[in-house]
Amino acid sequence: MKILLSNTSIDFNNYHSAVLHETFSVISFCVRNEIDERCLQIPLQFYSCQDAREAYKIILQGRNEKAQCIDLSRFTCSWPMHLAMKIEQYAQHMFDFDRPINI
């Protein structure tokens with residue numbers, strides 16, 4: 001599933017779960033064990049806990065309905081794009097050994 005944000009996207013296939021930390025307005029994405037066995041978590045930080053809760057519901061609904069894509073671009077949030085791109089590149093390398101790795 002692809003999660004669309006206002007300035008980037010998240011490939012949810014690289015993560016085994018999303019965890020809501022409502023008190024801190026954060027949704028943590030836990031990297032799949034096949035990619036990183038030490039349970040690396042990437043934070044998606046929201047402006048308010050209400051936005052985080054609503055976005056979390058949309059993510060869970062999309063996951064449960066096996067949606068190809070969900071849109072969270074209406075929410076103000078920040079995502080560590082550079083780190084997320086490293087994880088995506090590493091995952092591509094892990095699952096497709098013909099591609100070179102550029103981390």
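Our subject in this report is the structure included herewith. Model, not experiment: these values are computed from the prediction.

Let us look at the pairing of strand β3 (residues 15-21). Where β3 meets strand β4 (residues 26-31), six bridges bridge the pair, whose relative direction is antiparallel. By the bridge assignment, Tyr15 is partnered in β4 with Val31. Connecting β3 to the next strand, β4, in antiparallel fashion are four residues, including Ser25 with a positive phi near 60°.

The subject of this paragraph is the sheet that holds strand β6 (residues 69-71). The strand order across the open sheet built from three strands is β2-β1-β6, with neighbouring strands paired in mixed fashion. Either end of the sheet is taken by a strand with one partner, and the two such strands are β2 (9-11) and β6. For this sheet, the mean inter-axis angle between neighbouring strands, taken without regard to orientation, is 15°. When strand β1 (residues 2-4) meets β6, the two strands line up parallel, connected through three bridges. Within β6, the position partnered with Ile3 by the bridge is Ile70.

The rules we used
Residues numbered from 1 in each chain as written. Predicted model: local features only at pLDDT ≥ 70, side-chain atom pairs only at ≥ 80, totals over all residues. Heavy atoms only, no water. Pairing = 2+ DSSP bridges. Helix = DSSP H or I, 4+ residues; strand = E, 2+ residues; numbered from the N terminus. Axes fitted to C-alpha atoms, helices over the stretch in contact; angles between N-to-C directions.

Interpretation note: all reported values are geometric properties and have no functional meaning in isolation.
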